[in-house]
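Remarks on the overall topology
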2 protein chains.
Amino acid sequence: MPPTIGVFDSGFGGLTVLRALVARLPRARFAFIGDTARLPYGSKSRRTIARYAAQSAQFLVNQQGAEFLVIACNTASALALDAIQEAVPVPVLGVIEPGAEAARQASCTGDVLVIATDATVHSHAYAAACRARGLRALEKACPLLVPLVEEGWTGPLMAARAATESSAAQAASALHQAAVTAEVIRIYLDELNAEAAAQGMNADTLVLGCTHYPLLRRLIEKAVPAGMRVIDSAEAAAEAAVRLFNGRAASLTGEQESENPPPAAQLRCFATDSVEKF
Amino acid sequence: MPPTIGVFDSGFGGLTVLRALVARLPRARFAFIGDTARLPYGSKSRRTIARYAAQSAQFLVNQQGAEFLVIACNTASALALDAIQEAVPVPVLGVIEPGAEAARQASCTGDVLVIATDATVHSHAYAAACRARGLRALEKACPLLVPLVEEGWTGPLMAARAATESSAAQAASALHQAAVTAEVIRIYLDELNAEAAAQGMNADTLVLGCTHYPLLRRLIEKAVPAGMRVIDSAEAAAEAAVRLFNGRAASLTGEQESENPPPAAQLRCFATDSVEKF
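Figured I'd write up the structure that's included with this text. (Residues numbered from 1 in each chain as written. Chains lettered and ligands numbered in written order. Predicted model: local features only at pLDDT ≥ 70, side-chain atom pairs only at ≥ 80, totals over all residues. Heavy atoms only, no water.)

**What to know about the packing of aromatic side chains**
- For the structure shown, the criterion picks out 4 aromatic pairs over all chains.
- The interplanar angle of 75° and the centroid separation of 5.1 Å between the aromatic rings of A:Phe59 and A:Phe270 together place this pair among those described as edge-to-face. With a gap of 211 residues between them, A:Phe59 in helix α2 (residues 46–63) and A:Phe270 in strand β9 (residues 266–271) connect regions that are remote in the sequence.
- A relative accessible area of 27% means that A:Phe270 is categorised as partly exposed.
- An angle of 50° between the planes, with centres 5.5 Å apart, marks the rings of A:Trp153 and B:Tyr188 as tilted. In this pair, A:Trp153 sits in the loop between α7 (145–151) and α8 (156–165) while B:Tyr188 sits in helix α9 (residues 168–198), so the two residues belong to two different chains.
- Note on A:Trp153: relative accessible area 2%, which makes it buried. (Phe/Tyr/Trp six-rings, centres within 6.5 Å; stacked < 30°, edge-to-face > 60°. Helix = DSSP H or I, 4+ residues; strand = E, 2+ residues; numbered from the N terminus. Buried < 20%, exposed > 50% of the residue type's maximum accessible area, 1.4 Å probe, protein only.)

So this is what it looks like as structure tokens:
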């Protein structure tokens with residue numbers, strides 16, 4: 001019986017981490033919970049986030065039998081990883097350390113930019129994780145990006161889909177929406193780059209410090225200066241999870257042949273409130 | 001001793017209602033609570049919203065001695081007014097009925113547009129309240145407007161303030177931000193007007209069905225077709241509250257002279273989480 005990996009997010013952004021995990025561990029069993037009754041965490045206090053996150057972690061371990069937890073939410077990882085680890089007796093992996101480690105591997109100059117929610121930025125968890133690796137990090141909160149993703153104004157792909165599936169008016173509207181999102185990204189990144197330049201930084205790497213942001217990756221890649229690398233904390237966390245589960249990874253990744261091949265990935269999803277957005 | 005009026009919101013948008021109330025009832029005592037630990041309500045289910053709102057209402061009545069409650073949140077008014085009224089033994093006033101009543105007084109054609117949060121729109125509370133008054137209403141969810149207000153991208157005023165108080169770069173950034181907000185409003189209203197036209201409506205009134213939206217009023221007024229009236233549910237609710245408190249209004253409004261003039265408005269504010277945004 002493969003172990004159950006519990007994946008927790010404040011909402012649905014963590015599905016980008018789950019997607020990356022399922023791709024790498026196709027034989028594992030997953031239990032995902034999104035705390036949709038109380039999202040978003042990005043604007044809440046550390047104590048509140050810690051209490052909420054610990055409750056969901058206990059649900060995954062006590063009710064769903066999770067033997068590992070992946071905190072697929074930068075805000076919860078930044079503010080509540082210790083509280084979650086104290087609340088459950090299984091290994092807990094957040095997304096901040098893997099994201100910072102991926103930035104270390106990507107950066108040549110040692111100067112790194114991070115975009116994230118308000119709460120993640122105010123925690124300075126990325127700055128600390130980067131500093132521990134000899135990197136300088138400048139963090140910027142981008143509170144509008146999560147709502148833009150939730151609204152589906154996610155860029156050319158959505159616009160193209162609307163063009164093939166819907167009316168011309170809807171396609172035009174999707175293009176306008178994508179242009180708004182691109183402009184919001186440009187404003188945030190211009191401010192961030194100006195601040196980095198003012199601090200004498202020579203940044204060559206941008207960390208997407210929120211699990212919603214990979215859904216804006218193409219627009220973000222268009223907006224960054226030429227040559228800047230974009231690091232996806234969701235992908236980085238999934239890779240770190242595979243290394244963490246190394247002892248069992250052979251069976252989970254399906255690389256080992258056997259006479260009774262294990263079943264395909266099993267996935268149970270839960271939410272603390274309505275699941276329409278799933 | 002003037003009575004205490006309890007004002008409840010899921011966050012801080014309801015401060016627009018409180019501001020309107022204080023202006024009309026300068027001698028009253030107010031207790032305001034924002035349920036910031038669990039905002040926003042706009043994307044949550046009816047049952048969850050009802051439970052949260054009832055808890056805050058009970059706090060205002062049982063702990064703060066409120067003798068009237070104003071639910072300064074369209075989402076809570078739309079989905080939980082009955083639950084709140086059942087939870088407390090004092091009169092409860094929401095913002096939907098006053099908003100619909102103001103629309104009835106403003107509209108000549110009887111066709112009304114409403115913009116609000118997801119949850120308010122899905123409840124169709126405005127459509128029902130308008131129908132009861134012989135109006136046709138078309139509702140549209142505008143989920144990005146609250147985050148834009150919370151982020152402070154609220155238009156020319158903020159841009160002008162940045163120009164006088166900050167650097168030229170910040171002022172330019174504020175102008176870009178205002179342009180984004182104006183474009184988001186234009187996209188939403190274009191979609192709404194197109195849908196209204198497709199339904200053969202001749203709308204002449206737009207209801208701001210969220211207490212955050214008055215902070216975008218100037219941008220919205222620029223975006224609506226010429227001659228369309230814009231109704232602020234916060235103002236409408238404050239006027240309805242004054243009528244509700246009619247028996248005591250003379251002392252509350254300060255119109256009555258006395259040898260010992262009552263003190264100025266007293267205001268106690270509470271939040272269920274961090275209060276930085278206050």
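**Remarks on helix α1 (residues 15–24) of chain B**
- Residues of α1(B) that are buried include every one of B:Thr16, B:Val17, B:Leu18, B:Ala20 and B:Leu21, and no others.
- Buried positions along α1(B) lie against β1 (4–9), β2 (29–34), β3 (68–71), α11 (233–244) and β9 (266–271) of chain B. (Contact = heavy atoms within 4.5 Å.)

**Observations concerning the sheet that holds strand β7 (residues 205–209) of chain B**
All names here are of chain B.
- Taken together, the 4 strands give an open sheet; going across it, the order is β6-β5-β7-β8, and neighbouring strands pair in parallel fashion. Two strands lie at the open edges of the sheet, namely β6 (136–141) and β8 (229–232), each paired on one side alone. Strand-to-strand twist in this sheet, taken as the mean axis angle between neighbours without regard to direction, amounts to 25°.
- Where β7 and β8 come together, 4 bridges link them in parallel fashion. (Pairing = 2+ DSSP bridges. Axes fitted to C-alpha atoms, helices over the stretch in contact; angles between N-to-C directions.)

**Some remarks on the sheet that holds β1(B)**
Residues and elements named next belong to chain B.
- One open sheet holds the 5 strands; their spatial order is β4-β3-β1-β2-β9, and the pairing between them is parallel. If you trace the sheet from one side to the other, it starts and ends with β4 (92–93) and β9, each paired once.
- Across the sheet, helix α3 (residues 74–87) lies against β1, β3 and β4, angled at about 155° from β3, the strand it touches most.

**Comments concerning the interface of chain A and chain B**
- Facing 29 residues of chain A, the contacting portion of chain B comprises 29 residues.
- Contact with chain B buries area across many residues of chain A, yet A:Leu144, A:Glu151 and A:Ile187 alone supply 19% of it, more than any other trio.
- For the pair chain A and chain B, the number of links is 0 salt bridges.
- Our enumeration of links across chain A and chain B arrives at 8 residue pairs in polar contact (both at pLDDT 80 or more).
- When residues of the side of chain A that touches chain B are traced back to their parent elements, those giving at least two are α2, α7 and α9 (168–198) of chain A.
- Considering every element that reaches the side of chain A that touches chain B, the biggest residue donor is α9(A), with 10 residues.
- Here the residues of the side of chain A that touches chain B sort into 13 nonpolar, 8 polar and 8 charged. (Buried area = accessible area lost by both parts, 1.4 Å probe. Salt bridge = Lys/Arg side-chain N within 4 Å of Asp/Glu carboxyl O. Polar contact = N/O pair within 3.5 Å; in protein donor to acceptor, adjacent residues only side chain to side chain. Nonpolar A, V, L, I, M, F, W, Y, C, P; charged D, E, K, R; others polar.)

**What to know about the pattern of salt bridges**
- Under the definition given, this model contains 24 salt bridges over all chains.
- In this structure, the salt-bridge partner of B:Arg217 is B:Glu221, at a minimum N-O distance of 2.9 Å. Pair noted here: B:Arg217 and B:Glu221 are both in helix α10 (residues 217–223), with a separation of 4 residues, about one helical turn.
- Take B:Arg217: its relative accessible area is 26%, and that puts it in the partly exposed class.
- Residue classification places B:Glu221 among the partly exposed residues on the basis of a relative accessible area of 39%.
- In the salt-bridge network here, residues are joined through shared partners; they are A:Glu97, A:Glu101, A:Arg104 and A:Arg133.

**Quick word on unusual backbone geometry**
Residue and element names in this part refer to chain A.
- In this structure, His124 is a non-glycine residue whose phi angle is positive, near 55°.
- By the secondary structure assignment, His124 is in the loop between α5 (118–123) and α6 (125–131).
- Here His124 falls in the partly exposed class, since its relative accessible area comes to 44%.

**Some details on the pairing of strand β1 (residues 4–9) of chain A**
All names here are of chain A.
- When you tally the buried positions in β1, you get 6 out of 6 residues, the bulk of the element.
- Here 6 bridges tie β1 to strand β2 (residues 29–34), and the two strands are oriented parallel to one another. Each bridged residue has a counterpart across the sheet, and for Asp9 the counterpart in β2 is Gly34.
- What joins β1 to β2 is helix α1 (residues 15–24), and the crossover it makes is right-handed.
- In this sheet, strand β3 (residues 68–71) lies alongside β1 in parallel orientation, the contact comprising 4 bridges. By the bridge assignment, Gly6 is partnered in β3 with Leu69. (Right-handed = clockwise from strand over helix to strand, strands pointing away.)

**Observations regarding the environment of B:Pro2**
- On the secondary structure map, B:Pro2 appears in the segment before β1.
- Considering only alpha carbons, one finds B:Pro2 and B:Gly227, 225 residues apart in sequence, at a separation of 41 Å.

**Considering the packing of helix α2 (residues 46–63) of chain B against α3(B)**
Residue and element names in this part refer to chain B.
- Running from N to C, α2 and α3 cross one another at 55°; their axes reach a closest spacing of 8 Å. As judged from the angle between their axes, α2 and α3 are oblique. As for the relative orientation of α2 and α3, their crossing is right-handed in sense. Contacts between α2 and α3 involve Arg46, Ile49, Ala50, Ala53, Ala54, Ala57 and Gln58 on the former and, on the latter, Thr75, Ala76, Ala78, Leu79, Ala80, Ala83, Ile84 and Ala87.
- Looking at the contact of α2 with α3, its residues break down into 12 nonpolar, 2 polar and 1 charged. (Parallel < 35°, antiparallel > 145°, perpendicular 65-115°, else oblique. Left-handed = near helix turned anticlockwise from the far one by under 90°.)

**A few points about the side chain of A:Ser10**
Residues and elements named next belong to chain A.
- Its location among the elements puts Ser10 in the loop between β1 and α1.
- The exposure class of Ser10 is buried, given its relative accessible area of 11%.
- Among the polar contacts made by the side chain of Ser10, one reaches the side chain of Asp9 at a distance of 3.5 Å.
- When neighbours within four sequence positions are excluded, Ser10 is seen to be in contact with Gly34, Asp35, Thr36, Leu39, Tyr41 and Cys73.

**Digging into α3(B)**
All names here are of chain B.
- Its 14 residues give α3 an end-to-end C-alpha distance of 18 Å, which sits within 8% of 20 Å, the value for a rise of 1.5 Å per residue.
- Of all the bends in α3, the largest measures some 80° and sits at Ala80.
- Residues of α3 that are buried: Asn74, Thr75, Ala76, Ser77, Ala78, Leu79, Ala80 and Ile84. (Expected span 1.5 Å × (residues − 1). Bend = angle between axes of the 7 residues up to and from the residue.)

**Quick notes on the state of the cysteines**
- In this structure the tally under the stated criterion is 0 disulfides over all chains.
- Unpaired in terms of disulfides, B:Cys108 finds its nearest cysteine sulfur in B:Cys130, a separation of 15 Å. (Disulfide = S-S within 2.5 Å.)

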